[in-house]
Amino acid sequence: MSSLTPGHLTDRSDLSHACGVPLDDPLFDQALTHRSYSYEHGGIAHNERLEFLGDSVLGQAVTVMLYETHPDVDEGDLAKRRAALVSTLALAEIARSINLGSYIKLGNGEELTGGRDKDSILADTLEALIGA
């Protein structure tokens, strides 16, 4: 596999397989682009708007799943369960399980400070992938 920056993988076949969708669309490239990389590369499109969309899509999907699979659970408990499932920690663990950090385009500062394994960056990027 070729590398653009240390740890950045350009071959997305494993990630594509883990996600169950082809990742050759330009939106997926944008989903994997952190704003720190964008700022260092002329302000190219980054993943924050896709993250916003993905957060909403994920929240709705989890809400429907909980509502349908737990018909006897009250609203307060459903809300707690949803919050746990879509939390930064939960999403970061999912991102780690598919090695998402290796595919993120990061700026030098984030690269040097361990951005590939930061919970917030992993969770946000996973939401951006969902949005894409």
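Residues numbered from 1 in each chain as written. Predicted model: local features only at pLDDT ≥ 70, side-chain atom pairs only at ≥ 80, totals over all residues. Heavy atoms only, no water.

A general tendency of soluble globular proteins is for nonpolar side chains to be buried together. By size, the foremost hydrophobic cluster in this structure holds 24 residues, and its most contacted members are Leu15, Leu32, Leu100 and Leu129. Elements with a contribution of two residues or more to this core: helix 2 (26-31), helix 4 (48-69), helix 6 (88-97) and helix 8 (119-131). Counting residues per element, this core draws most heavily on helix 8, at six residues. (Core = buried A, V, L, I, M, F, W, Y, C linked by side-chain atoms within 4.5 Å. Buried < 20%, exposed > 50% of the residue type's maximum accessible area, 1.4 Å probe, protein only. Helix = DSSP H or I, 4+ residues; strand = E, 2+ residues; numbered from the N terminus.)

The next thing to look at is the pattern of salt bridges. Tallied over the full model, the rule gives nine salt bridges. Within this structure, Glu93, Arg96, Asp117 and Asp119 form a network of salt bridges that share partners. (Salt bridge = Lys/Arg side-chain N within 4 Å of Asp/Glu carboxyl O.)

This paragraph deals with the environment of Ile94. Relative to the elements of secondary structure, Ile94 occurs in helix 6. Sequence-wise, Ile94 and Leu27 are 67 residues apart; in three dimensions their C-alpha atoms are separated by 20 Å.

Here the phi dihedral of Asn99 falls at roughly 60°; this positive angle occurs in a residue that is not glycine. Relative to the helices and strands, Asn99 resides in the loop between helix 6 and helix 7 (108-112). We classify Asn99 as partly exposed; its relative accessible area is 39%.

At their nearest, the axes of helix 4 and helix 5 (residues 75-85) sit 10 Å apart, and the two run at 135° to each other. Judged by the angle between their axes, helix 4 and helix 5 are oblique. Considering the relative orientation of helix 4 and helix 5, their crossing is right-handed. Residue-level inspection shows Gly59, Val62, Thr63, Met65, Leu66 and Tyr67 of helix 4 in contact with helix 5, the latter providing Leu78, Arg81, Arg82 and Leu85. (Axes fitted to C-alpha atoms, helices over the stretch in contact; angles between N-to-C directions. Parallel < 35°, antiparallel > 145°, perpendicular 65-115°, else oblique. Left-handed = near helix turned anticlockwise from the far one by under 90°. Contact = heavy atoms within 4.5 Å.)

Further remarks concern a nonpolar patch on the surface. Taken together, the side chains of Leu53, Val57 and Ile130 present a nonpolar region at the surface, about 220 Å² in accessible area. Mapped onto the secondary structure, Ile130 falls in helix 8. (Patch = residues over 30% accessible without salt bridge, like charges linked within 9 Å, V, L, I, M, F, W, Y side chains within 5 Å. Areas by Shrake-Rupley, 256 points an atom, 1.4 Å probe, with all protein chains shown as cover.)

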